[in-house]
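Listed here are the chains, written in short residue letters.
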Amino acid sequence: MSTRMHFSQQTLSLLFDAILVDDIVDQHIELPAYLPTNFSSEQLAECLNLCQQLWLEGVANTQLRCLIKKIIIHKNLNSEERRSYKYIRAKYKHMGFAFILYTASHKRPLLFEATSTLMGEAQDAFRNQVTSKTLSTGLLLSAITAWPFSQFTQQYVQNAKLDPQSFMQHFKNDGKRIPEFLASHSVTPAQFHALRKIISRHVSFFDTLRTLYPNEMYYKMSRFLSAINGMMGSMHDELVQKSLLKKIDYHKDKISIPNEIKELLGHLIFLYENNK
């Protein structure tokens, strides 16, 4: 991989603006005529570099730990603190997708994954006023974001390396998994979430790509995927709430994927399967 690029604050802001609308359903969406796949190693390297820089310059561990402390003490955050927490988590999620998309392992480092996952669980808990869960996830977050773990996490991000040869194969394999979730009449909430994570990863890729290389095809892919991501995200929030309130078993109970989401996924599958 070439020497790491350093991007302007304007570019970082453009990417984060795209991230903040990656679950918004636009009034009009459409897919491009074909799936863009002819990405150069330079493009992929720059995408990874931008994700790294967004996290390294945009996530202050001291600020995160301050918010975690408030979660532990108050079992909640006020509206301004929730926004700050949401923004930090969004950058964690975007970098997490970058590990999965661009690196040879196609996995998040364990410590990074644990931090990102616990941040989500804590957010679900305080949103739904489940104080015991809020406290337990807050305490765990406090432990794994302390030194030296915070230093390890930073090193993971700094040292992430692109594997251009496996990127496209992994991207296509992601696409091939989507029909498997639609093959049965129902799925568990956990399976629904796994399907949404594929969509979220692909949104993150096209958001990064369209930031660096403004292009109508990339923009259409980004916004179409964002619509699916937003619909699935709203439904998943409801499922998480029911799970926290013990109304459903997240890993065992079955749900039906709404027809509107299925229809959009069907269009996406057609595009992916007809890629040449």
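Please refer to the structure higher up on the page.
Note that the structure is predicted; figures quoted are calculated from it, not measured.

*Asks:* Can you walk me through the environment of Lys252 in this structure?
*Replies:* Mapped onto the elements, Lys252 comes out in the loop between α10 (216-244) and α11 (259-273). Residue classification places Lys252 among the exposed positions, given a relative accessible area of 65%. Spatially, the C-alpha atom of Lys252 lies 9.8 Å from that of Gln191, the residues being 61 residues apart in sequence.

*Asks:* Where do I start with the environment of Ser132 in this structure?
*Replies:* Within the element layout of this structure, Ser132 appears in helix α6 (residues 131-144). Classification of Ser132 as exposed rests on a relative accessible area of 54%.

*Asks:* Would you take a moment to explain the environment of Trp55 for this structure?
*Replies:* Tracing the sequence through the fold places Trp55 in helix α2 (residues 41-58). Since its relative accessible area comes to 6%, Trp55 is described here as buried. Along the sequence, Trp55 and Met95 sit 40 residues apart, while their C-alpha atoms lie 6.6 Å from each other.

*Asks:* Even after reading the chapter, I still don't get helix α4 (residues 79-102), so can you show me in this structure?
*Replies:* With 24 residues, α4 extends 34 Å between its outermost C-alpha atoms, agreeing within 8% with the 34 Å of an ideal straight helix rising 1.5 Å per residue. Capping the start of α4, Asn78 holds a side-chain oxygen 3.1 Å from the backbone nitrogen of Glu80, two or three residues further along.

*Asks:* Quick question: what am I supposed to make of unusual backbone geometry here?
*Replies:* Leave glycine aside and you will find that most residues have negative phi; peptide bonds, for their part, are mostly trans. Trp147 connects to Pro148 through a cis peptide bond whose omega is 10°. Mapped onto the fold, Pro148 is located in the loop between α6 and α7 (149-158). Phi at His106 takes a positive value of approximately 55°, unusual for a residue other than glycine. Of note, His106 is situated in the loop between α4 and α5 (110-127). Positioned with a positive phi, Gln129 is a non-glycine residue whose angle comes to about 60°. Its place among the elements puts Gln129 in the loop between α5 and α6.

Criteria and thresholds
- Residues numbered from 1 in each chain as written.
- Predicted model: local features only at pLDDT ≥ 70, side-chain atom pairs only at ≥ 80, totals over all residues.
- Heavy atoms only, no water.
- Helix = DSSP H or I, 4+ residues; strand = E, 2+ residues; numbered from the N terminus.
- Buried < 20%, exposed > 50% of the residue type's maximum accessible area, 1.4 Å probe, protein only.
- Expected span 1.5 Å × (residues − 1).
- Polar contact = N/O pair within 3.5 Å; in protein donor to acceptor, adjacent residues only side chain to side chain.

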